[in-house]
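Topology and contacts: notes
Here is how the chains run, residue by residue.
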Amino acid sequence: MSGHSKWHNIQAKKGKTDAARGAMFTKLGREIAVAAKGNPNPETNSKLADAIAKAKANNMPNDTIKRSIAKAAGELGDKEYKELTYEGYGVGGAAVIITTLTDNVNRTAGDVRSTMSKCGGQMGNSGCVSYMFDKKGYFAIERTPALDEDTMMEYCLDSGADDYTAQDDAYEVYCAPENFSAVRSYLEGKGVNFFEAAVKMIPQNYITLDPDKQETFVKMLDRLNELDDVQDIYHNVELPEEDDED
């Protein structure tokens, strides 16, 4: 598949601080709990199975995952969480998509709008930047001596994946969003090790910012990530690997 590889940035994410990792686990835990509400069995709840795979790829411990599933029946109670997506612009015309999970729409919208504004960005209307991205199922898979390119190609064909790219120590596999669960299940059955497994918004092209704008943009990403309701952030800015947040 043509396009810009972000594998080096996945590697960088493995070096997150304990505090950042804890915040990430909290967000992943909420995603699991919401997915588990009404059906805590991942064998019959593909959305929950997908959320668990995403959590495991981020090194979330099994005990923490189990506790998150248990929260679906207890801690969440009658709270209704909504999955909402916001689109907008950062400095330099950067395109940004922010996915949230919230029980208070007004709070979340206000927090996202205020955070973007304070860093030179602005929230836009639905659809203002999403046309610049492709929604795809995405897997980063450990490359091992037993998993050569011929075997990976065979797995892609048999699983229903669309394509893959080969890096020095990983494969990046892409599929249609509606095929994500089937591809994930197939690859899990083959015993591959996921570094990342999620449905993502992947930019069609990347832009570069001058150093000052880049610094401001990274500050906005950091502050958005600190918001409890924000789950994922996607953007089209080419950043040094230690700064990438998409």
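See above for the structure.
Below is a summary of the structure that appears in this document. (Residues numbered from 1 in each chain as written. Predicted model: local features only at pLDDT ≥ 70, side-chain atom pairs only at ≥ 80, totals over all residues. Heavy atoms only, no water.)

**A few points about the packing of aromatic side chains**
Using the criterion set out here, one finds five aromatic pairs in the structure. Taken together, a centroid distance of 4.8 Å and an interplanar angle of 10° make the contact between Phe139 and Phe180 stacked. One end of the pair, Phe139, is in strand 4 (residues 133-142); the other, Phe180, is in helix 7 (residues 180-189), and 41 residues separate them in sequence. By the burial criterion, Phe139 is buried, and Phe180 matches it. An angle of 35° between the planes, with centres 5.4 Å apart, marks the rings of Phe139 and Phe194 as tilted. Note that Phe139 is positioned in strand 4 and Phe194 in strand 7 (residues 194-203), a separation of 55 residues in sequence. (Phe/Tyr/Trp six-rings, centres within 6.5 Å; stacked < 30°, edge-to-face > 60°. Helix = DSSP H or I, 4+ residues; strand = E, 2+ residues; numbered from the N terminus. Buried < 20%, exposed > 50% of the residue type's maximum accessible area, 1.4 Å probe, protein only.)

**Observations regarding helix 5 (residues 105-118)**
When the terminal C-alpha atoms of helix 5 are compared, their 20 Å separation across 14 residues agrees well with the 20 Å that a helix rising 1.5 Å per residue should span. The complete set of buried residues in helix 5 reads Thr108, Ala109, Val112, Thr115 and Met116. Each buried residue of helix 5 lies within a common arc of 140° when the element is viewed along its axis, so the set occupies one face. In helix 5, the exposed positions that point more than 90 degrees away from the buried face belong to Asn106, Ser117 and Lys118. (Expected span 1.5 Å × (residues − 1). Arc of directions from axis to C-beta.)

**Observations concerning the sheet that holds strand 6 (residues 170-175)**
Taken in spatial order, the four strands of this open sheet run 5-6-4-7, and their pairing is antiparallel. At either end of the open sheet lies a strand with only one pairing partner, and these are strand 5 (163-166) and strand 7. Within this sheet the neighbouring strands show an average axis-to-axis angle of 25°, counted without direction. The pairing of strand 5 with strand 6 spans four bridges and is classified as antiparallel. Across the sheet, the residue bridging to Ala166 is Tyr171, located in strand 6. Running over the sheet, helix 6 (residues 149-159) touches strand 4, strand 5 and strand 6 and is turned about 160° from strand 5. Sheet strands touched by helix 7: strand 4, strand 6 and strand 7. Its angle to strand 4, the strand with the most contacts, is close to 5°. (Pairing = 2+ DSSP bridges. Axes fitted to C-alpha atoms, helices over the stretch in contact; angles between N-to-C directions. Contact = heavy atoms within 4.5 Å.)

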